[in-house]
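Structure at a glance
The lines below spell out each chain.
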There are 4 protein chains.
Amino acid sequence: MSTPNIHGIIGYTVTPFSAHGEGLDLEALGRSIDRMIDAGVHAIAPLGSTGEGAYLSDAEWEQVSEFSIHHVARRVPTIVSVSDLTTAKAIRRARFAEAQGADVVMVLPASYWKLGEAEILAHYQAIGDSIGVPIMLYNNPATSGIDMSVELILKIFHSVENVTLVKESTGDIQRMHKLQLLGEGQVPFYNGCNPLALEAFAAGARGWCTAAANLIPQLNLDLYQAMRDNDLERARTLFYRQLPLLEFILKGGLPATVKAGLELTGLAAGEPRRPVFPLAQAGRQQLQGLLHQLA
Amino acid sequence: MSTPNIHGIIGYTVTPFSAHGEGLDLEALGRSIDRMIDAGVHAIAPLGSTGEGAYLSDAEWEQVSEFSIHHVARRVPTIVSVSDLTTAKAIRRARFAEAQGADVVMVLPASYWKLGEAEILAHYQAIGDSIGVPIMLYNNPATSGIDMSVELILKIFHSVENVTLVKESTGDIQRMHKLQLLGEGQVPFYNGCNPLALEAFAAGARGWCTAAANLIPQLNLDLYQAMRDNDLERARTLFYRQLPLLEFILKGGLPATVKAGLELTGLAAGEPRRPVFPLAQAGRQQLQGLLHQLA
Amino acid sequence: MSTPNIHGIIGYTVTPFSAHGEGLDLEALGRSIDRMIDAGVHAIAPLGSTGEGAYLSDAEWEQVSEFSIHHVARRVPTIVSVSDLTTAKAIRRARFAEAQGADVVMVLPASYWKLGEAEILAHYQAIGDSIGVPIMLYNNPATSGIDMSVELILKIFHSVENVTLVKESTGDIQRMHKLQLLGEGQVPFYNGCNPLALEAFAAGARGWCTAAANLIPQLNLDLYQAMRDNDLERARTLFYRQLPLLEFILKGGLPATVKAGLELTGLAAGEPRRPVFPLAQAGRQQLQGLLHQLA
Amino acid sequence: MSTPNIHGIIGYTVTPFSAHGEGLDLEALGRSIDRMIDAGVHAIAPLGSTGEGAYLSDAEWEQVSEFSIHHVARRVPTIVSVSDLTTAKAIRRARFAEAQGADVVMVLPASYWKLGEAEILAHYQAIGDSIGVPIMLYNNPATSGIDMSVELILKIFHSVENVTLVKESTGDIQRMHKLQLLGEGQVPFYNGCNPLALEAFAAGARGWCTAAANLIPQLNLDLYQAMRDNDLERARTLFYRQLPLLEFILKGGLPATVKAGLELTGLAAGEPRRPVFPLAQAGRQQLQGLLHQLA
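Residues numbered from 1 in each chain as written. Chains lettered and ligands numbered in written order. Predicted model: local features only at pLDDT ≥ 70, side-chain atom pairs only at ≥ 80, totals over all residues. Heavy atoms only, no water.

Examining the relation of the copies chain A and chain B
The condition is simple: Copies are brought into register by a least-squares superposition over C-alpha atoms of residues with pLDDT of at least 70 in both. It only takes one pair of heavy atoms within 4.5 Å for two residues to be counted as in contact.
Each copy superposes on the other: chain A lies on chain B with an RMSD of 0.0 Å after a rotation of 180° and an axial shift of 0.0 Å. Each copy turns onto its partner about a two-fold axis. Residues of chain A ranked by C-alpha distance from the rotation axis are headed by glycine 145 of chain A, positioned 3.6 Å from it. A share of 100% of the interface residues of chain A reappears at the interface of chain B, consistent with the copies meeting face to face through the same patch.

Shown next as structure tokens:
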């Protein structure tokens, strides 16, 4: 099994709904994917946190997964989040995504009952044994309730053959340092925390998984390019320029803020699914102002 | 709408599976319900955290809900957990439980994307508007990722007519003090933290929601009775006697430990659903020892 | 070495200053001690957190220590806090207090650089080896920055002969449960968290160390007596009655609120030492209201 | 009042003691200062956390302060920590340091009783009003127990004329982002968290306050120079090379590890003051190995 060269800006998709967060709007999803690919993002990641994957019915999840993969149509790699609370359903989703043509699947170990390290390892092992595509291990305690230590991540990385990529979203740069040092520079890691974009690249991250690519893809790409060019001063300027927007969309909840931003930039994507509220009027005005400054 | 007099020991059910956490074993569920009711518990609460409600498919959830309510058959009140990540599905479940005859539904606001106070209130309001039975509001940040302040709980209690009962599981006794003081003694609160059983009753809790009633119902009931009898010394002795078991089942994860305990006491209930592991051999021996001391 | 029978209500003294938190006002200190002893408290504890011991010069500390011990004059036991950042100074203070006639010394391991368990144990051992009176080990991470586990506390209790009393101020009732269970009922523990007074007694605490005894000694004593009489209902009523005041003085900072309360009840004790502010006017009015309700 | 141009590597001194952490060894202190200045550090910072300032008697503090300032003799700027629990003593120390010739004083607001924002501001204001040299405001919740928000830091920066420099040691890079954005690029900030050295410079920190300059000054200086040269790749390589040592000295407690490292490199500086232990034998061997790799 070979891992595609995943790097650079990895754009998360939202899942557009019709009225009040109900029925899917796949046509809008297609346009949002095209917009990011046309702007130059290096990969597309559907059904992640931003994509409200956890809020979909099983049937909806399959529809969005199939549509996204086919719509990307290998213009760039597709990384599909297949996380679920049970191992059995995560396996079903991983197999489905692979069958539809996903290049990579992303797995966040979800928690209701706290999981021990052996349970988390077995979860990854069982998924890995069921598919033939690479797994991007995803650590995000804020949404999942589980914080995998670097030692555990490395244990899984070395034990489960398919786990070849690591996405770190704790927001603590020391985790990336530790992945680099303990992983002896052999573990490709990706940043999932928007306000850490500059420092994660400084620390050696290969890519930045971000929903901001729906709104300001060029600034995201320019920051990545400046770091590749070893031009820290330019990167710092670019980073501080986009940071207020990065913080805004994170703080307001990505589905609500990114959907509002898409609408403000001409791509109606509906509202998040309840109980999550759409962005309120004051927030929309603030977002409009931030987008205007960056336009 | 009148609220049934919920008090005393409220026994959580497990959800027995057949092999490896697969298919439902409703016959075992029925026996576990009978065991608790025969022992004298004051209410039965299916599909809570202990019941692995979050790990069931929609069809399974309905089967367990329907079976449990019909099997209890009004011998004691039934309190069905109907929590879900989306408001829409929580409403569907609440309506289903009501239609089957549930006396009360329990609602824990689940979190993937963090919810603001208005979102949580609207979630309860929407569920409340959809049903005619009382709601037990449930606060448990350790499993849900949301910690409702006492002020928010009281706001919901006063805004949503059906919310007439509050279950507090932070493990912080000060929350109960605050419910009592700010609620001016008018808010019936229940304890969901096993190692806080003695102090919660001391602080005025009307009941104790516990999975321990599957294993040591008499000790649970005796503690409640001693507190009703204003006999603190007896209550303290009873509490310290059962505390090691209460801590053991909590620390090991309730589905794994309670299912092991049921099996050790002659009622095979299968394993938890993966990725959660069944209790390991060393833990089973420790549990056997604890149960033996209390027999 | 025999440990005096320390139990019941242990009243902390403030350290009255003259203007702006400067010079000592020992005459006011004497009156505050008399007031508590006359009301019936079971022990006096000078130079604790409430007593601003950490804010005094070495000379002032000795003056207050000597004066307090001599003024109590064995009417009740005196428990003097001798805590310091360095082991050497804590020893000097412990010896001084013993020489002046202290019945017990209290030791909180202070932290600037985090201490390991061996360092904390050695600190207690060195102090214990230097004196002939009992030590009350004091755990209060909120002020000291060190949280001693129950296991460590028991290790010290069993290793250092003089450590015969434990004061727990984390506010987590589970620590007391653990002291009771792991200590096999042989470790006398005391509560230092005001809003936990009811539950700490329920869990078996022998005493309550409280600055509230400066303001509402009778209510404190009545609560203790109700628990001794095994009358939980009366204790609960007494507890909820005084709880708003207990929370107020804790939340506002004990030196500021207790000094304001002393002044409001006719015993001017000056202001806390800067940078701590005296209680602002709004707080004084609130405190006046609370005291009025309890009078 | 003009602020000297503080930038680059700011070396903390230890405070060498003779046997068992007793009497001062000023001769060793002088040699450690010379070593750092000869290596090229840009400023010297005595009596900080590493310097065990909090563990000294008042007389010792004055001796070390006077000696350090005179020994540096304006070869580079001297930044003296004058922090104390009381405002009065912090003022005395600040005046003393200024009188001896300190270029800057550093102030960490210490906490026993929690301080509100107005109290912290007044503390800085009172110190600022008492001296004519600049203040480096220092935020380090891990040692001080107080975490100043960026908003509060900026309020103090804009209210107290002498506060012209900010040292941030939370280890959270987002604080520096916020200082840069909300401070509109006008607030000179310095990093006090060793494992954040690379990213703090990436985010725009003007300097790095570090005790590592006692052991590996050239690597510290090279990292700073690479960042000034806009050569991120070289900086990253230099950072990862020294990171294991940076983490080791932080994790083991700076006074213990840096004193051990000084001795291993030929400059005996004694032991830390009790209750802090000297570095144990296993740690010394590990440190020796780390230093050997970097030599």
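A word on the arrangement of the chains
One finds no contact between chain A and chain C; the C-alpha atoms of the two approach each other to within 20 Å at their closest. In this assembly chain B lies apart from chain D, the nearest approach of their C-alpha atoms being 20 Å.

What to know about the interface of chain A and chain B
Basically, it comes down to this: Here's the idea: put two parts together, see how much 1.4 Å probe accessible area each one loses, and the total over both is what we call buried area. In the sections that follow, a salt bridge refers to a side-chain nitrogen of Lys or Arg positioned within 4 Å of a carboxyl oxygen of Asp or Glu. In protein, a polar contact means a hydrogen-donor-capable atom and an acceptor-capable atom, both N or O and within 3.5 Å, with residues adjacent in sequence counting only if both atoms are side-chain atoms; elsewhere, any N or O pair within 3.5 Å suffices. Numbering of helices and strands runs from the N terminus; a helix is a DSSP stretch of H or I covering at least four residues, while a strand is a stretch of E covering at least two.
Counting from both sides, the interface comprises 26 residues of chain A and, opposite them, 26 residues of chain B. Together chain A and chain B conceal approximately 2500 Å² of surface at their shared face, both sides included; 69% is due to carbon and sulfur atoms. One can count 0 salt bridges joining chain A with chain B. Counting every contact that joins chain A to chain B gives 12 residue pairs in polar contact (both at pLDDT 80 or more). If you list the elements that add at least two residues to the side of chain A that touches chain B, you get α4 (117–130), α5 (141–144) and α11 (254–264) of chain A.

Regarding the side chain of asparagine 194 of chain D
Its place among the elements puts asparagine 194 of chain D in the loop between β7 (189–191) and α8 (197–203). With residues near it in sequence (within four places) discarded, asparagine 194 of chain D still touches Trp208, Cys209, Thr210, Phe239, Leu246, Ile249 and Leu254 of chain D.

Examining the interface of chain A and chain D
To keep things clear, this is the line we draw: Gly is placed with the polar residues, together with every amino acid not listed as nonpolar (Ala, Val, Leu, Ile, Met, Phe, Trp, Tyr, Cys and Pro) or charged (Asp, Glu, Lys and Arg).
Each partner contributes residues to the interface: chain A has 25 residues there, and chain D has 25 residues. Summing the contributions of chain A and of chain D, the shared interface buries around 2100 Å²; its carbon and sulfur component is 56%. Here chain A is connected to chain D by 0 salt bridges. Inspection of the region where chain A meets chain D yields 18 residue pairs in polar contact (both at pLDDT 80 or more). Mapped by element, the contributors of at least two residues to the side of chain A that touches chain D are α7 (173–182), α8 (197–203) and α10 (232–251) of chain A. It is α10 of chain A that contributes the most residues to the side of chain A that touches chain D, 8 residues altogether. Counted by class, the side of chain A that touches chain D contains 15 nonpolar, 5 polar and 5 charged residues.

Overview of helix α10 (residues 232–251) of chain C
Residue and element names in this part refer to chain C. Note the following rule: Working rule for helices: expected span equals 1.5 Å times residues minus one. To get the bend at any residue, fit one axis to the seven residues that end at it and another to the seven that begin at it, then take the angle between the two axes. Note on classification: 1.4 Å probe, protein chains only; a residue is buried when its accessible area is under 20% of the maximum for its type, exposed when over 50%, partly exposed between these limits.
Here α10 contains 20 residues, and its C-alpha end-to-end distance of 26 Å stays within 8% of the 28 Å for a straight helix at 1.5 Å per residue. Taking the largest bend as the criterion, α10 deviates by roughly 45°, centred on glutamine 242, and proline proline 244 comes between one and four positions later. Within the sequence span of α10, burial applies to Leu232, Ala235, Leu238, Phe239, Tyr240, Gln242, Leu243, Leu245, Leu246, Phe248 and Ile249. Looking at the residues trailing α10, positive phi occurs at glycine 253, about 90°.

Points about helix α2 (residues 58–72) of chain A
All names here are of chain A. Selection criterion: An arc is given here, and it is the one of the directions from the helix axis to the C-beta atoms.
Given a rise of 1.5 Å per residue, 15 residues ought to cover 21 Å, and the 21 Å separating the end C-alpha atoms of α2 matches this to within 8%. Here α2 has its buried residues at Glu60, Trp61, Val64, Ser65, Ser68, Ile69 and Val72. With its buried residues spanning 150° around the axis, α2 presents them on a single face. The inward-facing, buried residues of α2 abut α1 (26–39), β2 (43–45), β3 (79–81) and α3 (87–100).

As for the sheet that holds strand β3 (residues 79–81) of chain D
Residue and element names in this part refer to chain D. For clarity, the cut-off: Paired strands, in this sense, are two strands between which DSSP finds at least two bridges. Convention adopted: a line fitted to C-alpha atoms gives each axis, helices being fitted over their contacting stretch, and angles between N-to-C directions are expressed from 0 to 180 degrees.
In spatial order, the strands read β2-β1-β8-β7-β6-β5-β4-β3; together these 8 strands make up an open sheet with parallel pairing. Here the strands that pair on one side only, and so sit at the sheet edges, are β2 (43–45) and β3. Averaged over all pairs of adjacent strands, the angle between strand axes in this sheet comes to 30°, irrespective of strand direction. Pairing of strand β6 (residues 163–168) with β7 involves 3 bridges; the strand directions are parallel. Among the inter-strand pairings, valine 166 is bridged to a residue of β7, identified as phenylalanine 189. Across the face of the sheet, helix α6 (residues 150–159) comes into contact with β5 (135–139) and β6 while running at roughly 160° to β6.

Describing the packing of helix α10 (residues 232–251) of chain B against helix α7 (residues 173–182) of chain C
The condition is simple: With respect to orientation, any angle under 35 degrees is reported as roughly parallel, any angle over 145 as roughly antiparallel, any angle of 65 to 115 as roughly perpendicular, and every other angle as oblique.
Packing of α10 of chain B against α7 of chain C brings their axes to within 11 Å, and their N-to-C directions diverge by 110°. Overall, the two elements α10 of chain B and α7 of chain C adopt an arrangement that is roughly perpendicular. Residues Phe239, Tyr240, Leu243, Pro244 and Glu247 of chain B of α10 of chain B lie in contact with α7 of chain C, whose contacting residues are Gln174, Met176, His177, Gln180 and Leu181 of chain C.

Comments concerning the packing of aromatic side chains
For clarity, the cut-off: Any two rings among Phe, Tyr and Trp, with Trp reduced to its six-membered ring, count as a pair given centres within 6.5 Å; such a pair is stacked if its planes are under 30 degrees apart, edge-to-face if over 60, and tilted if neither.
A full pass over the atoms with the stated rule returns 20 aromatic pairs over all chains. Judged by centre distance (6.4 Å) and plane angle (85°), the rings of tyrosine 112 of chain A and tyrosine 55 of chain B are edge-to-face. Placement of tyrosine 112 of chain A in the loop between β4 (104–107) and α4 and of tyrosine 55 of chain B in the loop between β2 (43–45) and α2 (58–72) is noted, with the two residues assigned to different chains. Ring plane angle 65° and centroid distance 6.3 Å describe the contact between tyrosine 112 of chain D and tryptophan 113 of chain D, whose orientation is recorded as edge-to-face. Neither tyrosine 112 of chain D nor tryptophan 113 of chain D differs from the other in exposure class; each is buried.

Focus: the side chain of histidine 7 of chain D
Relative to the assigned elements, histidine 7 of chain D resides in the segment before β1 (8–12). Here the side chain of histidine 7 of chain D touches tyrosine 224 of chain D through a polar contact of 2.8 Å, side chain to side chain.

Quick notes on the pattern of salt bridges
Should the charged atoms of two oppositely charged side chains come close, the side chains can pair. This model, assessed by the stated rule, comprises 52 salt bridges over all chains. In this structure, the salt-bridge partner of arginine 75 of chain D is aspartate 34 of chain D, at a minimum N-O distance of 2.8 Å. Of this pair, arginine 75 of chain D sits in the loop between α2 (58–72) and β3 while aspartate 34 of chain D is found in helix α1 (residues 26–39), placing the two residues 41 residues apart along the sequence. With a relative accessible area of 22%, aspartate 34 of chain D lands in the partly exposed category. When salt bridges that share partners are traced, they join Asp58, Asp84, Lys89 and Arg93 of chain A into one network.

Remarks on the confidence of the model for chain A
For the record, the criterion: Looking at any residue, its pLDDT shows the predictor's confidence there, from 0 to 100.
With 100% of its residues at a pLDDT of 70 or more, chain A has an overall mean of 96. Confidence estimates for the predicted assembly give a pTM of 0.96 and an ipTM of 0.96.

So, the sheet that holds strand β1 (residues 8–12) of chain A
Residue and element names in this part refer to chain A. Strand order in the open sheet formed by 8 strands is β2-β1-β8-β7-β6-β5-β4-β3, with parallel pairing between adjacent strands. In this open sheet, the two edge strands, each paired with only one partner strand, are β2 and β3. For this sheet the average axis-to-axis angle between neighbouring strands, irrespective of direction, equals 30°. Looking at chain direction, β4 and strand β5 (residues 135–139) are connected through 3 bridges and run parallel. The residue bridging methionine 106 from the neighbouring strand is methionine 136, located in β5.

Concerning the state of the cysteines
Using the following cut-off: What counts as a disulfide here is a pair of cysteine sulfur atoms lying within 2.5 Å.
Scanning the model with the defined rule gives 0 disulfides over all chains in all. Of the cysteine sulfurs around cysteine 209 of chain B, a residue in no disulfide, the closest is that of cysteine 193 of chain B, at 12 Å.

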